[in-house]
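Fold and contact review
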Amino acid sequence: MFGREHERAGERLDLVALMLLRALEAGEGCPICQLAAETCENTLWSLLWENVNDPDVRARIREALGFCPRHTLRLCQVADAEGLGVTGPAIIFADVLAAIGDALHIGRCDLRAAGPCPICAHERTSERGALATLLCYLDHPRLATPMRRRGLCLPHYRAARGLSGRHDLRGPLAALHARHLDRWAASLASLAAGEIAPAGAGWLRGEAPWPPARRSERRRKLIPVSHLRTALV
Ligand SMILES: [Zn+2]
Ligand SMILES: [Zn+2]
């Protein structure tokens, strides 16, 4: 979804820019983290509802020897939130355990995965595309105002700086980030005790709240069946 190159044409926002604008207006944290969390939720939703028995999807999960710890947890959280029970996660875990057993049986005893966690890989692709769009529209009238109120977490600020070809935006990006750091530091005194840990994890480590701030019942109708297949195959 975010993997293409973004060319700013006139002052109209493209689809990814509109998603970014909605993410900027939806919550309080880093908008790229929010989009990544939504990507994760949507992908796992598609997996559980549509693709648990898809051979290609299952092969990709087996190659990775399952999901990373965070996405293993998210898989179970989405299944629970959707009222699906543990059947889907259990089928996937059993498949991964069988793949590990097969690897041992043929002497691949180092048990190294042949690929990354599929959800992590999809999130990284989405993040790169969203950051490219953010840089492209950084001075757009509709994005500039919410961007002054919201900031990037530290990992996504670094990633934005590292995007090739946009060295001209490093100065404005750094100035924007400096203002957010001042605002966050000033807000620490007013946070309740229970808010400090998630705020620090969000600003410094890119930990988005879970579930994502926006949850829409319409999402089921909007997600194409091919979503996970496109992401994982
Ligand atoms: Zn972030
Ligand atoms: Zn992962």
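Source: prediction; values computed, not measured.

Within the protein, the atoms that donate to the zinc ion (ligand 1) are Cys30 (SG), Cys33 (SG), Cys153 (SG) and His156 (ND1), at distances of 2.0 to 2.3 Å. In primary sequence terms, the donor set of the zinc ion (ligand 1) follows C-x2-C-x119-C-x2-H. Residue His156 is classed as buried on the basis of its relative accessible area of 7%.

All right, on to the confidence of the model for the chain then. The share of residues in the chain with pLDDT of 70 or more is 87%, and the mean pLDDT across the chain is 86. Confidence drops under pLDDT 50 across residues 1-6; counting only partners more than four residues distant or on other chains, this segment forms 20 contacts. Taken together, the stretch residues 215-228 has pLDDT below 50 and engages in 25 contacts with residues farther than four places along the chain or on a different chain. With pTM at 0.82, the complex prediction returns an ipTM value of 0.97.

To continue, consider the nonpolar core. Counting residues in hydrophobic clusters, the biggest one holds 28 residues, and the most contacted among them are Ile32, Leu131, Leu134, Leu138, Leu152 and Leu173. When residues of this core are traced back to their parent elements, those giving at least two are α1 (15-26), α2 (31-51), α6 (118-136), α7 (141-149), α8 (154-162) and α9 (170-187). The leading source of residues in this core is α1, at 6 residues. What Ile32 contacts, discounting residues up to four positions off in sequence, is Leu20, Glu127, Ala130, Leu131, Leu152 and His156. Among the nonpolar cores identified, the runner-up in size contains 16 residues, and Cys40, Leu47, Leu48 and Phe67 belong to it.

This paragraph deals with the pattern of salt bridges. For the coordinates displayed, the defined rule picks out 6 salt bridges. The shortest N-O distance in the salt bridge between Glu38 and Arg22 comes to 3.0 Å. Taken together, the residues span a long stretch of sequence, with Glu38 in helix α2 and Arg22 in helix α1 at a distance of 16 residues. With its nearest N and O atoms 2.9 Å apart, the salt bridge here joins Arg124 to Glu127. Pair noted here: Arg124 and Glu127 are both in helix α6, with a separation of 3 residues, about one helical turn. Judged by relative accessible area, Arg124 falls into the partly exposed class, the value being 33%. Here the salt bridges do not stand alone but share partners, grouping Arg70, Glu123, Arg124 and Glu127 into one network.

What follows deals with the packing of aromatic side chains. Under the defined criterion, the tally for this structure stands at 2 aromatic pairs. Plain terms: the ring middles of Trp45 and Trp49 are 6.1 Å apart, the flat faces sit at 40° to each other, and that makes the pair tilted. Of the two residues, Trp45 and Trp49 both sit in helix α2, 4 residues apart, roughly one turn of that helix. On the basis of relative accessible area, Trp45 is assigned to the buried category, the value being 5%. For Trp49, a relative accessible area of 38% puts it in the partly exposed group.

Scoring rules and cut-offs
Residues numbered from 1 in each chain as written. Chains lettered and ligands numbered in written order. Predicted model: local features only at pLDDT ≥ 70, side-chain atom pairs only at ≥ 80, totals over all residues. Heavy atoms only, no water. Donors = N, O, S within 2.8 Å, 3.2 Å for Na, K, Ca; no water. Buried < 20%, exposed > 50% of the residue type's maximum accessible area, 1.4 Å probe, protein only. pLDDT = per-residue confidence, 0-100. Contact = heavy atoms within 4.5 Å. Core = buried A, V, L, I, M, F, W, Y, C linked by side-chain atoms within 4.5 Å. Helix = DSSP H or I, 4+ residues; strand = E, 2+ residues; numbered from the N terminus. Salt bridge = Lys/Arg side-chain N within 4 Å of Asp/Glu carboxyl O. Phe/Tyr/Trp six-rings, centres within 6.5 Å; stacked < 30°, edge-to-face > 60°.

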